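One letter stands for each residue in the lines below.
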Amino acid sequence: MVDDVPDNLSLLHDALDEHGYIVLAATSGEAALACVQQGRPDIVLLDAMMPGMDGFEVARRLKADPSTAHIPIIFMTGLTETEHLVAALQAGGVDYVTKPLDPRAVLARMQVHLQGARQARQTRQALDAFGYASIAVRASSGRLLWQTPLARELLQLYYGTIAPQTPAPVLAWLRRTLDEMAAHSPADGMPPQEPARLCAELGARRLSFRLHHCIGEETSGGGTAAGPAGPAGPAGPAVGAAAGGDWLIVMREVSDVAVIRSLGLAFSLTAREAEVLYWVVKGKINRDIGEILGASPATVKKHLERIHAKLGVETRTAAASMALTRVREMHPQWEV
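Along each chain, residue indices are assigned from 1 in the same order as the chain's sequence is written. Reporting in this predicted model follows two pLDDT cut-offs: at least 70 for local features of residues, and 80 or more for side-chain atom pairs to be given and counted; totals over whole chains, interfaces and linings ignore these cut-offs and use all residues. Side-chain descriptors were evaluated using all non-hydrogen atoms of the structure, hydrogens and water having been removed beforehand.

K.L.:
Would you mind going over the overall build of the chain with me for this structure?
P.N.:
Per the convention used, a helix needs a DSSP run of H or I reaching at least four residues, while a strand needs a run of E reaching at least two, with both numbered from the N terminus. The helix and strand tally for the chain stands at 12 helices and nine strands. By residue count, 44% of the 336 residues in the chain fall in the buried class. Any two residues whose heavy atoms approach within 4.5 Å are treated as being in contact. Taking the intrachain contacts of the chain between residues at least 6 apart in sequence as the baseline, contacts between residues at least 24 apart amount to 60%. Here's how the labels work: a residue is buried when its accessible area is under 20% of the maximum for its type, exposed when over 50%, partly exposed in between, all with a 1.4 Å probe on protein chains only.

Pasting the structure below:
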């Protein structure tokens, strides 16, 4: 709870304490940031207008930090002009209450957002425990709300981004998918389909993104009303209001290093020859293979000539066909 007016702090502290809440109080923006970092509260009640660092800046800093970005913020403000209320929501607030404060109204707003925050936290903890790479993205703003540790590593590796920034290709895919889902809703008599997945490649490693579930639909106030993030089920994810809302995305990385190694062993190839053959099977031309492996097209051609000799074939197509057959025998689940 953050307010530079002691009387406001006293009023809310007593009301919250009576309802069993543990209250951490701060009277400045700097103190609020330190308090949140140390105490990691379930929710923040934040005064919008304070001397020095105002509430808008406090909110922006909290939302820019992945460790605190998930904490819901309710603004307390005496400013009722639309532009100020919009600024509060754009800074990261999920709701606001107006001054003079009515403790009953504050408690009611808190309970709504605490329920959603707890459900989201339970989902994150479960995903972390099982080692899933998952992220939650707000479709309207593109903000990455939270991520599991593995997801953080993968996004940095494949895209070089960190929260709260969602990689541009991922956000574009999410919005495009939601638009397609809205256009083919069950109300149109069309059977729901599994949304198309997004794939990114990094050498012989592939990262796929699957839209899993809507975990919160945006309200008219600009915040979200979170719901449980259970499995999407055979019917696929439900579409949030106006194709917006907060969405859980599950990421899965597949590495073909074992496939390349198997090719080398099966046909007595060198490590580089096995890599070249792998990319031939993937349908890449010599120029593309050279760019991937950091070699010239001429060098790739020489490797390919030696591969043809070892496999006893004369054409690229025959080499790819033989290699694909062998890979599928050794790795039945592998996909080209």
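K.L.:
Would you mind showing me how to read helix α10 (residues 286-293) here?
P.N.:
Since the α-helix advances by 3.6 residues per turn, residues separated by three or four positions end up pointing in the same direction. Along α10, the residues classified as buried are N286, I289, G290 and L293. Seen end-on, α10 carries its buried residues on one side only, within an arc spanning 100°. On the buried face of α10, the contacting elements are α9 (271-281), α11 (297-311) and α12 (316-330). In the stretch just after α10, G294 is the one whose phi turns positive, near 75°. Think of the arc as the fan of directions from the helix axis to the C-beta atoms.

K.L.:
How do you make sense of the environment of A204 when you look at a structure like this?
P.N.:
Position of A204 among the secondary structure elements: in the loop between β6 (198-202) and β7 (205-218). According to the relative accessible area criterion, A204 is buried, its value standing at 13%. Once the C-alpha coordinates of A204 and I260 are considered, the two residues, 56 residues apart in sequence, prove to be 8.5 Å apart. Sequence-distant contacts of A204, that is, excluding residues within four places in its chain, are made with V254, S255, D256, V257, I260, Y278 and W279.

K.L.:
Could you clarify how one ought to interpret the environment of S262 in this entry?
P.N.:
Tracing the backbone through its elements, the reader meets S262 in helix α8 (residues 257-267). Linking S262 and A323, residues 61 residues apart in sequence, is a C-alpha distance of 10.0 Å. Setting aside its immediate chain neighbours within four residues, S262 contacts M330 and H331. Each polar contact in these results corresponds to two N or O atoms within 3.5 Å; when the atoms are within protein, one needs to be able to donate a hydrogen and the other to accept it, and residues that are neighboring in sequence are counted only if both atoms are side-chain atoms. Within polar-contact distance, the side chain of S262 engages the side chain of H331 at 2.9 Å.

K.L.:
Before we go on, may I ask you to explain the side chain of T177 in this structure?
P.N.:
With respect to the helices and strands, T177 occurs in helix α7 (residues 168-183). On the basis of relative accessible area, T177 is assigned to the buried category, the value being 4%.

K.L.:
In this structure, what is going on with the pattern of salt bridges? I would like to understand it.
P.N.:
Opposite charge on two side chains permits pairing when their charged atoms draw close. Criterion for a salt bridge: a side-chain nitrogen of Lys or Arg within 4 Å of a carboxyl oxygen of Asp or Glu. For the structure on display, the rule yields 13 salt bridges. Here D102 ties to R104 by a salt bridge, and the two come within 3.4 Å at their closest N and O atoms. The residue R205 makes a salt bridge to E253 at a minimum N-O spacing of 2.8 Å. Of the two residues, R205 sits in strand β7 while E253 sits in strand β9 (residues 246-255), which places them 48 residues apart along the sequence. Judged by relative accessible area, which is 29%, R205 ranks as partly exposed. You can call E253 partly exposed: its relative accessible area is 30%. A network of salt bridges, in which partner residues are shared, links D3, D47 and K99.

K.L.:
Got a minute to help me understand the sheet that holds strand β3 (residues 95-98) in this structure?
P.N.:
Across a sheet, strands are paired by hydrogen bonds formed along the backbone, either parallel or antiparallel in direction. Taken in spatial order, the three strands line up as β1-β2-β3 in an open sheet, and their pairing is parallel. Bordering the open sheet on either side are β1 (44-47) and β3, each of which pairs with just one other strand. Taking the axes of each pair of neighbouring strands and ignoring which way they run, one obtains an average angle of 25° across the sheet. Across four bridges, strand β2 (residues 73-77) lies against β3 in parallel orientation. Only strands that DSSP links by at least two bridges are regarded as paired with each other. Whenever a helix is involved, its axis is fitted only over the stretch in contact; in every case the axis is a line through C-alpha atoms, and angles between N-to-C directions fall within 0 to 180 degrees.

K.L.:
Explain unusual backbone geometry to me, please; I cannot follow it from the model alone.
P.N.:
Residues other than glycine predominantly adopt negative phi, and peptide bonds predominantly adopt the trans conformation. Residue K99 is joined to P100 through a cis peptide bond whose omega torsion reads 0°. Structurally, P100 can be placed in the loop between β3 and α5 (103-129). Here the amide bond leading from A163 into P164 is cis, since omega sits at 10°, within 30 degrees of zero. For P164, the location among the structural elements is in the loop between α6 (149-159) and α7.

K.L.:
Is there a simple way to think about the pairing of strand β5 (residues 144-147) in this case?
P.N.:
Where a strand is regular, its side chains alternate between the two sheet faces. Alignment of strand β4 (residues 133-138) against β5, held across three bridges, turns out to be antiparallel. What sits directly across from I135, in β5, is Q147. Between β4 and β5, which follow one another and run antiparallel, lie five residues, and G142 among them has a positive phi close to 80°.

K.L.:
Explanation requested: the side chain of E273 in the structure shown.
P.N.:
Secondary-structure assignment places E273 in helix α9. Polar side-chain contacts of E273 include one of 3.0 Å to the backbone nitrogen of T270.

K.L.:
Help me understand the packing of aromatic side chains, please; the structure alone is not making it clear to me.
P.N.:
Only rings of Phe, Tyr and Trp enter the pairing, Trp through its six-membered ring, and a pair is recorded when the two centres are within 6.5 Å. The plane angle decides the type: under 30 degrees is stacked, over 60 is edge-to-face, the rest tilted. By the definition in use, this model includes five aromatic pairs. Relative to W334, the ring of Y278 lies with its centre 6.4 Å away and its plane at 55°, an arrangement referred to as tilted. On the criterion of sequence distance, the pair formed by Y278 in helix α9 and W334 in the segment after α12 is long-range, its members being 56 residues apart. For the pair formed by Y278 and W334, the shared burial category is buried.

K.L.:
I tried to follow the packing of α9 against α10 on my own but got confused; where do I start?
P.N.:
Between two packed helices, the angle of one axis relative to the other and the distance separating the axes together describe the packing. Following both chains from N to C, one finds α9 and α10 inclined at 130°, their axes separated by 10 Å at the closest point. Put simply, α9 runs oblique to α10. With respect to the hand of their crossing, α9 and α10 are arranged in right-handed fashion. Note on element contacts: α10 touches α9 through I289, I292 and L293, opposite R272, E275, V276, W279 and V280. If an angle is under 35 degrees, it is roughly parallel; if it is over 145, roughly antiparallel; if it lies from 65 to 115, roughly perpendicular; otherwise it is oblique. We call a crossing left-handed when the near helix sits turned anticlockwise from the far one by less than a right angle, and right-handed when that turn is clockwise.

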